[in-house]
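# Geometric and topological summary
So you can see what is in the structure, the chains are spelled out below.
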Amino acid sequence: QVQLVESGGGLVQAGGSLRLSCAASGRTFSRYAMGWFRQVPGKEREFVAAISSGDTTRHADSVKGRFTISRDNAKNTVYLQMNSLKPEDTAVYYCAADRNQWATSEIPALYDYWGQGTQVTVSS
């Protein structure tokens, strides 16, 4: 069992930056692939970025060059650095853990554990 807790969301102006953190419980964090997703009301959960146990990363086209996923296994934490934020980035952001440690899946159903989400609001 893995418990995930996101933090770092908030209100920011367009063009600004935020760094989201996701702290994981347990001693096997390094054996999980991790992902970030986002969701707005009335829409499906959308892939943002993922990082494998071996630090292979994947980013959605909509955030490439602006967002960066990283992980610190010593701190059991995965990060999402978000720069050049746009109003369309407004959403609840969720982190997720995948027991397939070498994957960087874009499919929410393939992830095994989810955090509660953190709100990111970008004003124009």
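In short, a report on the structure. Positions within a chain are numbered from 1, following the residues in the order the chain's sequence is written. The model is predicted, so local features are restricted to residues of pLDDT at least 70 and side-chain atom pairs to those at 80 or more, both for listing and for counting; the totals for chains, interfaces and linings are taken over all residues. For side-chain calculations, the full set of non-hydrogen atoms in the structure is used, while hydrogens and water are omitted.

## Quick notes on the state of the cysteines
- Any pair of cysteine sulfurs within 2.5 Å is marked as a disulfide. With the rule as written, the count across this model stands at one disulfide.
- Paired by a disulfide, C22 and C95 hold their sulfur atoms 1.9 Å apart. With the S-S dihedral at roughly 40°, the linkage between C22 and C95 falls on the right-handed side. Of the two residues, C22 is situated in strand β3 (residues 18–24) and C95 in strand β9 (residues 91–98); the sequence distance between them amounts to 73 residues. Think of it this way: any DSSP run of H or I at least four residues long counts as a helix, any run of E at least two long counts as a strand, and we number them from the N terminus.

## Quick word on unusual backbone geometry
- Positive phi is not limited to glycine here, since D55 has a value of about 70°.
- By the secondary structure assignment, D55 is in the loop between β5 (46–51) and β6 (57–59).
- Positive phi, normally seen in glycine, also occurs at N76, with a value near 50°.
- Within the secondary structure, N76 is located in the loop between β7 (67–72) and β8 (77–82).
- Buried means the residue's accessible area, taken with a 1.4 Å probe over protein chains only, is under 20% of the maximum for its type, while exposed means over 50%, and partly exposed covers the values in between. The class for N76 is buried, based on a relative accessible area of 18%.

## Focus: the side chain of T77
- Tracing the backbone shows T77 in strand β8.
- With relative accessibility at 8%, the residue T77 sits in the buried group.
- Only 2.8 Å separates the side chain of T77 from the backbone oxygen of K75, close enough to count as a polar contact.
- Should any heavy atoms of two residues lie within 4.5 Å, those residues are counted as being in contact. Setting aside residues up to four positions removed in sequence, T77 forms contacts with S21, C22, A23, F29, R71 and D72. By the criterion applied in these results, polar contacts are pairs of N or O atoms within 3.5 Å in which, for protein atoms, one can donate a hydrogen and the other can accept it, and in which residues neighboring in sequence qualify only through two side-chain atoms.

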